[in-house]
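So you can see what is in the structure, the chains are spelled out below.
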Amino acid sequence: MIVMKFGGTSVGDAAAIERLVTIVADARAEQPLVVVSAMSKITNALVALDDLIAAGDASAIEYAIAELEARHAVAADGLQLAAITQAPIGELFAALRQAAVAGLSQPSSPERRDLICGFGELLSSRLVVGAFDARRVQVEWFDARSAITTDDHFGAAIPRESEIEARAQRLLPVLTAGRVVVTQGFIGATRDGVPTTLGRGGSDFSAALFGAALGASRVEIWTDVDGLMSADPRVVPEARLLASATYDEAAELAAFGAKVLHPATQLPLVEAGIPIVIRNTFAPERPGTWIRADDGEEDALPVRSISFKPGVTVVQIRAPRMLGAYGFLRRIFEVFERHEVVVDVLATSEVSVSLTVDDVSRLDAVIRDLRLVGEVGVRAQRGVIAVVGRGIRETPGIAARVYTAIADVNVEMISQGASASNLTFIVKEADGPAVVRALHRTFFPEVA
């Protein structure tokens, strides 16, 4: 069997869902499990709805829900779904209104936000099931929350993979019988059944969890691009498609700005050796990118792609009095752990630590506590550049070529050595696109 995950643009309207149905129908012989995201922009609308619930504006809440309802109704009408097929969608909107009333004027909480945001995937999956049913394709809807068991870290819940494997087994007889199964990405539940989410972009992760649990032959990620590229084509129009990549390369690209794949996607699949294939829903005839432990390209260029992640903040902690003392790093990272702030790139010396964070919502509290350790400096509007490939750490001359290509740009922080697959550095956000283009010309001159 295979897992086929379709992102937000791939279920964005009736026409997109029609394409999805055609793609899946062509793969029915491989017993597909279909994992869907919410329709594009719906999760953002649900986050805004949760804010309205906290504000207690009943009329604005009803207007927002009506807008959501109208968009799904347009898709349902475009798919020519019968009233009986649309009934579950109406039930979901009734449940959404009930949740809104129950939380009216109460401050938002991670638990409630997960509950509200999870409606997006539940709604889109009902539309997809209706589309299959209307075309007389045998289909079954499956609630992912009954299989994707997580802890209670709402907003970015951690899956319990052994429990997921046990719970997912009930799907195998249905798939073997030739029925298409449609389920949701992004959402899960605690052991007590409280709804959780895996974090933004977590539908890819859900697909991987299902794929590992069921021993899939591959996990397909259907999106609106052809696959992994040598750079973001919006920044480098001549960027080329990577026919293949390793798990490590894909993970580094995802972590440092390439939004094609969720960073955690490959984790459940590595041990089982299950490949990932990135495909374009809007051009299904194209081969996409295959991701495996070893992609077989022994003579591949050492640099495979250059990625850029904007919106990064650099925090520097300096404590000369810690020279020769132990516990400096521990004290710093205890602060970030206490405030649940994720650290991305890191560079250290004996008396100074520089690191980057993406989420600055708790940064003021972090800085206040860090000042008990040493002097703190903050630089916002920075970007991470990652030069990703294989054996970069062991390949002579890579760093020299990188820094020669960008000699006119001020590099503020460098991190190399923790991974053999990337060389990472920080520049001003405004310099990022030009840096990516310069590096692409250096390492991919044949497409310049």
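The structure we're discussing is the one just above.
All figures in this text were calculated on a predicted structure; none of them were measured in a lab.

Chemist: Help me get a handle on the overall build of the chain, residues and values and all.
Modeler: Assigned secondary structure in the chain consists of 15 helices and 16 strands. When the backbone C-alpha atoms are referred to their principal axes, the chain occupies close to 70 × 55 × 40 Å. Every one of the 448 residues in the chain was classed for burial, and the buried ones make up 52%. Of the contacts formed within the chain by residues at least 6 apart in sequence, a portion of 76% connects residues at least 24 apart. With an accessible surface of roughly 19500 Å², the chain has 52% of that area assigned to carbon and sulfur atoms. On the chain, the mean spot of the 43 positive side-chain charges and the mean spot of the 56 negative ones are 2 Å from each other.

Chemist: Lay out the pairing of strand 16 (residues 422–428) in plain terms, naming residues and giving numbers.
Modeler: For strand 16, a buried count of 6 out of 7 residues is recorded, marking the element as mostly surrounded by other parts of the structure. Note that strand 14 (residues 375–389) and strand 16 share 7 bridges and pair antiparallel. Paired with Ile385 across the bridge in strand 16 is Phe425.

Chemist: An account of unusual backbone geometry is needed here, citing residue identities and associated values.
Modeler: Glycine aside, a negative phi is what most residues show, and trans is what most peptide bonds show. Its identity is not glycine, yet Arg136 carries a phi of approximately 60 degrees, on the positive side. Of note, Arg136 is situated in the loop between helix 6 (119–134) and strand 3 (139–141). In this structure Arg136 comes out as exposed when scored by relative accessible area, which is 79%. For Glu340, which is not a glycine, the phi torsion comes out positive at approximately 55 degrees.

Chemist: Which residues make up the environment of Arg170, and what values go with them?
Modeler: Relative to the helices and strands, Arg170 resides in the loop between helix 7 (161–168) and helix 8 (171–176). Given the relative accessible area of 45%, Arg170 is considered partly exposed. Placed 23 residues apart in sequence, Arg170 and Ala147 show a C-alpha to C-alpha distance of 9.3 Å. Non-local contacts of Arg170, meaning those with residues more than four positions away in its chain, are made with Phe142 and Ser146. Within the structure, Arg170 has its side chain in polar contact with the backbone oxygen of Ser146 (distance 3.2 Å).

Chemist: Could you give me a rundown of the sheet that holds strand 4 (residues 180–184), with the residues and numbers involved?
Modeler: Taken in spatial order, the 8 strands make up an open sheet running 3-4-2-1-7-9-10-8, and their pairing is mixed. Each end of this open sheet is capped by a strand with a single partner; those strands are strand 3 and strand 8 (244–246). Taken over all neighbouring pairs, the strand axes of this sheet differ in orientation by 20 degrees on average, direction set aside. Judged from the 5 bridges that link them, strand 7 (residues 218–223) and strand 9 (residues 276–280) form a sheet pairing that is parallel. Each bridged residue has a counterpart across the sheet, and for Glu220 the counterpart in strand 9 is Val277. Across the face of the sheet, helix 1 (residues 14–26) comes into contact with strand 1 (2–6), strand 2 (32–36), strand 4 and strand 7 while running at roughly 170 degrees to strand 1. On the sheet, helix 10 (residues 247–255) packs against strand 8, strand 9 and strand 10 (289–292) and is oriented at approximately 90 degrees with respect to strand 8.

Chemist: Just give me the short version of the pattern of salt bridges, but keep the residues and values in it.
Modeler: Using the criterion set out here, one finds 25 salt bridges in the structure. With its nearest N and O atoms 2.9 Å apart, the salt bridge here joins Glu69 to Arg97. In this pair, Glu69 is assigned in helix 3 (residues 58–78) and Arg97 in helix 4 (residues 83–102), connecting sequence segments 28 residues apart. The partly exposed category is assigned to Arg97, whose relative accessible area is 24%. Look at the salt bridges and you will find they share partners, linking Asp50, Asp51, Arg112 and Arg113 into a network.

Chemist: Requested: an account of helix 2 (residues 42–55), with residues and values cited.
Modeler: For the α-helix, the turn length of 3.6 residues means that residues three or four positions removed from each other point alike. Helix length check: helix 2 (14 residues) gives 20 Å between terminal C-alpha atoms against 20 Å at 1.5 Å per residue, within 8%. Inspection of helix 2 places Ile42, Thr43, Leu46, Val47, Leu49, Asp50 and Ile53 among the buried residues, and these make up the whole buried set. Burial along helix 2 is one-sided: seen end-on, the buried residues are contained in an arc of 155 degrees. On the buried face of helix 2, the contacting elements are helix 3, helix 4, helix 5 (110–117) and helix 6. Where helix 2 ends, the next residue or the one after it, Gly56, has phi of about 80 degrees, a positive value.

Chemist: Describe in detail the packing of helix 7 against helix 9 (residues 203–214), supporting the description with residues and values.
Modeler: Two numbers describe how helix 7 lies on helix 9: the axes approach to 9 Å, and their chain directions differ by 70 degrees. It follows from the interaxial angle that helix 7 and helix 9 lie roughly perpendicular. Once helix 7 is placed against helix 9, the crossing between them reads as right-handed. Taking contact as the criterion, the partners of Glu161, Ile164, Glu165 and Ala168 in helix 7 are, on helix 9, Leu209, Ala213 and Leu214.

Here is what the cut-offs are and how they apply
Residues numbered from 1 in each chain as written. Predicted model: local features only at pLDDT ≥ 70, side-chain atom pairs only at ≥ 80, totals over all residues. Heavy atoms only, no water. Helix = DSSP H or I, 4+ residues; strand = E, 2+ residues; numbered from the N terminus. Buried < 20%, exposed > 50% of the residue type's maximum accessible area, 1.4 Å probe, protein only. Contact = heavy atoms within 4.5 Å. Areas by Shrake-Rupley, 256 points an atom, 1.4 Å probe, with all protein chains shown as cover. Lys, Arg positive; Asp, Glu negative; His and termini not counted. Charge placed at Lys NZ, Arg CZ, Asp CG, Glu CD. Pairing = 2+ DSSP bridges. Polar contact = N/O pair within 3.5 Å; in protein donor to acceptor, adjacent residues only side chain to side chain. Axes fitted to C-alpha atoms, helices over the stretch in contact; angles between N-to-C directions. Salt bridge = Lys/Arg side-chain N within 4 Å of Asp/Glu carboxyl O. Expected span 1.5 Å × (residues − 1). Arc of directions from axis to C-beta. Parallel < 35°, antiparallel > 145°, perpendicular 65-115°, else oblique. Left-handed = near helix turned anticlockwise from the far one by under 90°.

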